[in-house]
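Commentary on secondary and tertiary structure
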Amino acid sequence: MNESPSVEVKVMDPESYFGLLESFLDEGKDVEMTPKGNSMLPFIRGGRDSVLLTKPSKPLESGDIVLFKVNGHYVMHRILEVNGDRLLIMGDGNIGNTESCGVGDVIGLVTEIHKPGGKIVKPGKARFWRRLRPIRRIILAFYKLLFL
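Residues numbered from 1 in each chain as written. Predicted model: local features only at pLDDT ≥ 70, side-chain atom pairs only at ≥ 80, totals over all residues. Heavy atoms only, no water.

What follows covers the pattern of salt bridges. With the rule as written, the count across this model stands at ten salt bridges. As a salt-bridge pair, Asp92 and Arg78 come within 2.7 Å of each other at their nearest N and O atoms. Of the two residues, Asp92 sits in the loop between β5 (86-90) and β6 (99-102) while Arg78 sits in strand β4 (residues 73-83), which places them 14 residues apart along the sequence. Taken together, the shared-partner salt bridges connect Lys58, Glu61, Asp64 and Lys125 into one network. (Salt bridge = Lys/Arg side-chain N within 4 Å of Asp/Glu carboxyl O. Helix = DSSP H or I, 4+ residues; strand = E, 2+ residues; numbered from the N terminus.)

Below is the structure:
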């Protein structure tokens, strides 16, 4: 009978975790992480899907999904508008709240979304979804009722 090797689990505080993640990205490494929460529904399900992050190598655009730091918190949302070096950002699963940050506050760009079963999805710009903001509340209510 084979015994499984013991695995040591270390829990890191968010500041240390994201600091390490940011240092890997700064070194040019891609990082896979599993986001929490439902603010990116229906495209990213927190705790189930994972994302591949890279350091942005091109100018950020409306529709890009980014990990950024705002008011001491790390957030992964989609860029709504780029105004010079300022970004207006909102989660796909949000219906009204937006954040603003500088381009320098962006830590990583989502280049892949990893779904259960090994399916990898390239994130689109969600142009149609962004136009549905006035009725997102209804669509998201049905989505959560059916899939969560």
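Ranked by internal contacts, the top residues of the largest apolar core, which has 16 residues, are Leu21, Met33, Val51, Leu53, Leu67 and Met76. Breaking this core down by element, the ones donating at least two residues are α1 (14-26), β1 (31-33), β2 (50-54), β3 (65-70), β4 and β7 (106-114). The residues touching Leu67, leaving out its near neighbours within four places in the chain, are Phe18, Leu21, Met33, Leu53, Tyr74, Val75, Met76, Asp105, Val106, Ile107 and Gly108. Ranked by size, the runner-up nonpolar core spans eleven residues in total, among them Leu60, Val66, Val75 and Ile89. (Core = buried A, V, L, I, M, F, W, Y, C linked by side-chain atoms within 4.5 Å. Buried < 20%, exposed > 50% of the residue type's maximum accessible area, 1.4 Å probe, protein only. Contact = heavy atoms within 4.5 Å.)

Time to look at the pairing of β5. By the bridge criterion, five bridges tie β4 to β5 in an arrangement that is antiparallel. The residue bridging Glu81 from the neighbouring strand is Leu88, located in β5. Counting the residues between successive antiparallel strands, the hairpin from β4 to β5 contains two residues, one of them, Gly84, with a positive phi of roughly 65 degrees. Taken together, the four bridges between β5 and β6 define a ladder with antiparallel strand orientation. Across the sheet, residue Arg86 finds its bridge partner in β6, namely Gly102. (Pairing = 2+ DSSP bridges.)

So, about helix α3 (residues 136-147). With twelve residues, α3 should reach 16 Å at 1.5 Å per residue; the first-to-last C-alpha distance of 16 Å fits that figure. Residues of α3 that are buried: Arg136, Leu140 and Tyr143. For α3, the arc enclosing every buried residue in end-on projection is 60 degrees, short of the 170-degree limit, so these residues lie on one face. Facing away from the buried side of α3, by more than 90 degrees, are the exposed residues Arg137, Ile138, Phe142, Leu145 and Leu146. Packed against the buried residues of α3 are β5 and α2 (127-131). (Expected span 1.5 Å × (residues − 1). Arc of directions from axis to C-beta.)

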